[in-house]
Amino acid sequence: MHGAGHLLEVFFLLLAAQLMGWLFRRLKQPAVIGEVLAGVLVGPALLGLVHEGEVLEFLAELGAIFLLFMVGLETRLRDILAVGKEAFLVAVLGVAFPFVGGYFFGLAIGFEQLPSLFLGTALVATSVGITARVLQELGVLSRAYSRIILGAAVIDDVLGLIVLAVVNGVAQSGALELGTAVRISLLSVVFVGSAVLLVPLVRRIPVRSLPVGSPFGFALLVGVGLASLAAAIGLAPIVGAFLAGMLLAEVREELRLEEPVQAVESFLAPVFFAMVGVRLELAALANASVLLYGSVILLIALLGKLVGGFLGALSQGFRRAVVVGVGMAPRGEVGLIVAALGLAAGAVNEEEYALVLFMVVGTTLLAPLFLRPSIAWAERVPGPKPAAEPADEPRA
């Protein structure tokens, strides 16, 4: 009966996610917003049909992994390298502005130094899965601004991990642990660099001669393998999944990988987004000071990424730079993880945690709402589109 209970919860999640996703598409809004709200609807905040648990958390993580694996399959390394300078600038500025803004606002409203550091850190990392789903829905993954967002998200994750390691070290031992930050930095650079260096060698692998059931089986091994390796060194598994997809993008047509990977992703990705909604503790937001201070923190979170992304991608033109800034805004589960670590270390209290929760809810719901019209605005730029940016077919 325990297994039957989990199946029933998955059914409720999928049913609500499909219905709400359909509704939001009919309203000409991103389906991902409907999927997140579906989780709120069936979760503890409202109907109580679905609750957090290890099985659903694992399925949700697989959903994020396969979403970014699919996005990676549609992104070639040469396209990311072509916008590497912009992606690096977007990542660095998009980490610096929100961190500084969050830290100094925390001090201004009376937080101690350590909670202020955690507040700044919670504003740092982008949850690229939300943006990736919107880009995928609109069929614009081949655009330069999409490649900048995806490239910056990988660098952003590495930088965010380093900041978190330093701040968490201060919380645990009361001192800066630069050795930990250096170790994580080196491991991250080696991991990402090795994946990049492997790209030219992928075409030489005799996949059909390997002792695997099918090319799709080989793709699963690469995707899950790199995701687990990324997790082992402290990076988000989705970074490994994205790099794995980018590796296999070189052979996706001849091995016919897109359809089977997309089939798995279309099942698991809605679970991931719905579980974002299930985790949201709406009762923690029903507090006047949380609403007031949370609104300011939300503004800092949105403007920090918007300004950082805009300045870093300004070489692409004003409108496309705006798209990059908006695309980097969602924080999703990343901010919650930072706040939860602070709570566990005793560096953050319940009210300070609620402020981060308010920011996460706001960026998760508002960023996709602004991203769709900003892309439409950018696509109306007069003049012929570059040959390197062919129009993709929007996904259903």
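This structure is a prediction, so every number in the text was calculated from the model and none was measured. (Residues numbered from 1 in each chain as written. Predicted model: local features only at pLDDT ≥ 70, side-chain atom pairs only at ≥ 80, totals over all residues. Heavy atoms only, no water.)

**Student:** I would appreciate a short explanation of the packing of helix α5 (residues 84-108) against helix α6 (residues 113-122) in the present structure.
**Tutor:** Pairs of packed helices are described in terms of their axes, by the angle between the two and the distance that separates them. Orientation of α5 relative to α6, taken along the N-to-C sense of each, is 150°, at an axis distance of 7 Å. In the packing of α5 onto α6, the handedness of the crossing is right-handed. For the pair formed by α5 and α6, the contact residues are P98, F99, G102, Y103, G106 and L107 on the first element and Q113, S116, L117, L119, G120 and T121 on the second. Of the residues that constitute the contact of α5 with α6, the class distribution is six nonpolar, six polar and no charged. (Axes fitted to C-alpha atoms, helices over the stretch in contact; angles between N-to-C directions. Helix = DSSP H or I, 4+ residues; strand = E, 2+ residues; numbered from the N terminus. Left-handed = near helix turned anticlockwise from the far one by under 90°. Contact = heavy atoms within 4.5 Å. Nonpolar A, V, L, I, M, F, W, Y, C, P; charged D, E, K, R; others polar.)

**Student:** For this particular structure, what's the right way to read the side chain of S188?
**Tutor:** Relative to the helices and strands, S188 is located in helix α9 (residues 178-198). S188 has contacts with V158, L161, I233 and L235, leaving out every residue within four places of it along the chain.

**Student:** Explanation requested: the nonpolar core in the structure shown.
**Tutor:** Of all hydrophobic cores here, the largest spans 98 residues; its most connected members are L13 and L248. When residues of this core are assigned to their parent elements, the largest contribution, 13 residues, is made by helix α3 (residues 54-73). Discounting residues that sit within four places of it in the chain, L248 has contacts with F69, L73, F218, A219, V222 and L257. In this structure, F105, F111, A354 and M359 belong to the second largest nonpolar core, which totals 36 residues. (Core = buried A, V, L, I, M, F, W, Y, C linked by side-chain atoms within 4.5 Å. Buried < 20%, exposed > 50% of the residue type's maximum accessible area, 1.4 Å probe, protein only.)

**Student:** For this particular structure, what's the right way to read unusual backbone geometry?
**Tutor:** Negative phi values dominate among residues other than glycine, just as trans dominates among peptide bonds. The phi dihedral of K28 is positive, around 60°, even though this residue is not glycine. The backbone of R256 sits at a positive phi, close to 50°, despite the residue not being glycine. Relative to the helices and strands, R256 is located in the loop between α12 (252-255) and α13 (258-279). Overall, the relative accessible area of 71% leaves R256 in the exposed class.

**Student:** Looking at this structure, I do not really get the pattern of salt bridges. What am I missing?
**Tutor:** Two side chains with opposite charge may pair up if their charged atoms get near one another. For the structure shown, the criterion picks out eight salt bridges. Two residues, R133 and E265, come together in a salt bridge whose shortest N-O distance is 3.9 Å. Here R133, found in helix α7 (residues 128-138), pairs with E265, found in helix α13; they are 132 residues apart in sequence, far enough to count as distant. An identical accessibility class is assigned to R133 and E265; each is buried. (Salt bridge = Lys/Arg side-chain N within 4 Å of Asp/Glu carboxyl O.)

**Student:** Honestly, the side chain of R252 in this entry has me stumped. Any pointers?
**Tutor:** With respect to the element layout, R252 can be found in helix α12. What R252 contacts, discounting residues up to four positions off in sequence, is L73, E74, R76, L257 and E258.

**Student:** Just checking my understanding: could you explain the packing of helix α15 (residues 318-327) against helix α17 (residues 350-379) for this structure?
**Tutor:** At a minimum axis separation of 9 Å, α15 and α17 run at an interaxial angle of 165°. Between α15 and α17, the angle falls in the class roughly antiparallel. Of the two possible hands of crossing, α15 and α17 adopt the one that is left-handed. Across from F318, R319, R320, V322, V323, V326 and G327 in α15, the residues of α17 making contact are A367, F370, L371, S374, I375, W377 and A378. (Parallel < 35°, antiparallel > 145°, perpendicular 65-115°, else oblique.)

**Student:** I tried to follow a nonpolar patch on the surface on my own but got confused; where do I start?
**Tutor:** Where nonpolar side chains cluster on the molecular surface, the patch consists of F97, L299, L303, V307, L311, L314 and F318 and spans about 620 Å² of accessible area. Looking at the nonpolar patch, the element that brings in the most residues is helix α14 (residues 288-312), giving four residues. With respect to the helices and strands, L314 occurs in the loop between α14 and α15. We classify L314 as partly exposed; its relative accessible area is 39%. (Patch = residues over 30% accessible without salt bridge, like charges linked within 9 Å, V, L, I, M, F, W, Y side chains within 5 Å. Areas by Shrake-Rupley, 256 points an atom, 1.4 Å probe, with all protein chains shown as cover.)

**Student:** Sorry, what's going on with the packing of aromatic side chains here?
**Tutor:** Here a ring pair, both rings aromatic, is described through the centre-centre distance and the interplanar angle of the planes. The tally for this structure, following the rule as stated, stands at eight aromatic pairs. Summarising the aromatic geometry, the rings of Y103 and F104 are spaced 5.1 Å apart at their centres and angled 75° between planes, so their arrangement reads as edge-to-face. Given a relative accessible area of 15%, Y103 falls into the buried group. On the basis of relative accessible area, F104 is assigned to the exposed category, the value being 51%. Ring centres of F310 and F318 lie 5.1 Å apart, and the angle between their planes is 75°; this geometry places the pair in the edge-to-face category. A residue is classified by how much of its surface remains accessible, and F310, at 18% relative accessible area, is buried. (Phe/Tyr/Trp six-rings, centres within 6.5 Å; stacked < 30°, edge-to-face > 60°.)

**Student:** I'm lost on α15 in this one. Help?
**Tutor:** The periodicity of an α-helix, 3.6 residues per turn, causes residues three or four places apart in sequence to face the same way. Of all ten residues that make up α15, eight are buried, and the element is covered over most of its length. Along α15, the positions that sit buried rather than exposed are R320, A321, V322, V323, V324, G325, V326 and G327.

**Student:** Before we go on, may I ask you to explain the confidence of the model for the chain in this structure?
**Tutor:** Interpretation of the predicted coordinates at a detailed level should be avoided for regions scoring low in pLDDT. For the chain, mean pLDDT is 84; residues scoring 70 or higher make up 91% of the total. Confidence, read as mean pLDDT per element, is least for helix α16 (residues 332-344) in the chain (71) and greatest for α15 (94). (pLDDT = per-residue confidence, 0-100.)

**Student:** Can you help me understand the environment of L229 in this one?
**Tutor:** Position of L229 relative to the elements: it lies in helix α10 (residues 215-232). Judged by relative accessible area, L229 falls into the partly exposed class, the value being 44%. C-alpha separation for the pair L229 and G240, spaced eleven residues apart in sequence, amounts to 7.1 Å.

**Student:** Looking at this structure, how should I read the environment of A378?
**Tutor:** Tracing the backbone shows A378 in helix α17. If near-sequence neighbours (up to four positions away) are discounted, A378 is found in contact with R319, R320 and V323.

**Student:** I would appreciate a short explanation of α6 in the present structure.
**Tutor:** For α6, a buried count of eight out of ten residues is recorded, marking the element as mostly surrounded by other parts of the structure. Where α6 is concerned, the buried positions are P115, S116, L117, F118, L119, G120, T121 and A122.

**Student:** Which parts of the structure should I look at to understand the environment of A283?
**Tutor:** Tracing the backbone shows A283 in the loop between α13 and α14. In this structure the C-alpha to C-alpha distance between A283 and A45, which are 238 residues apart in sequence, comes to 7.5 Å.

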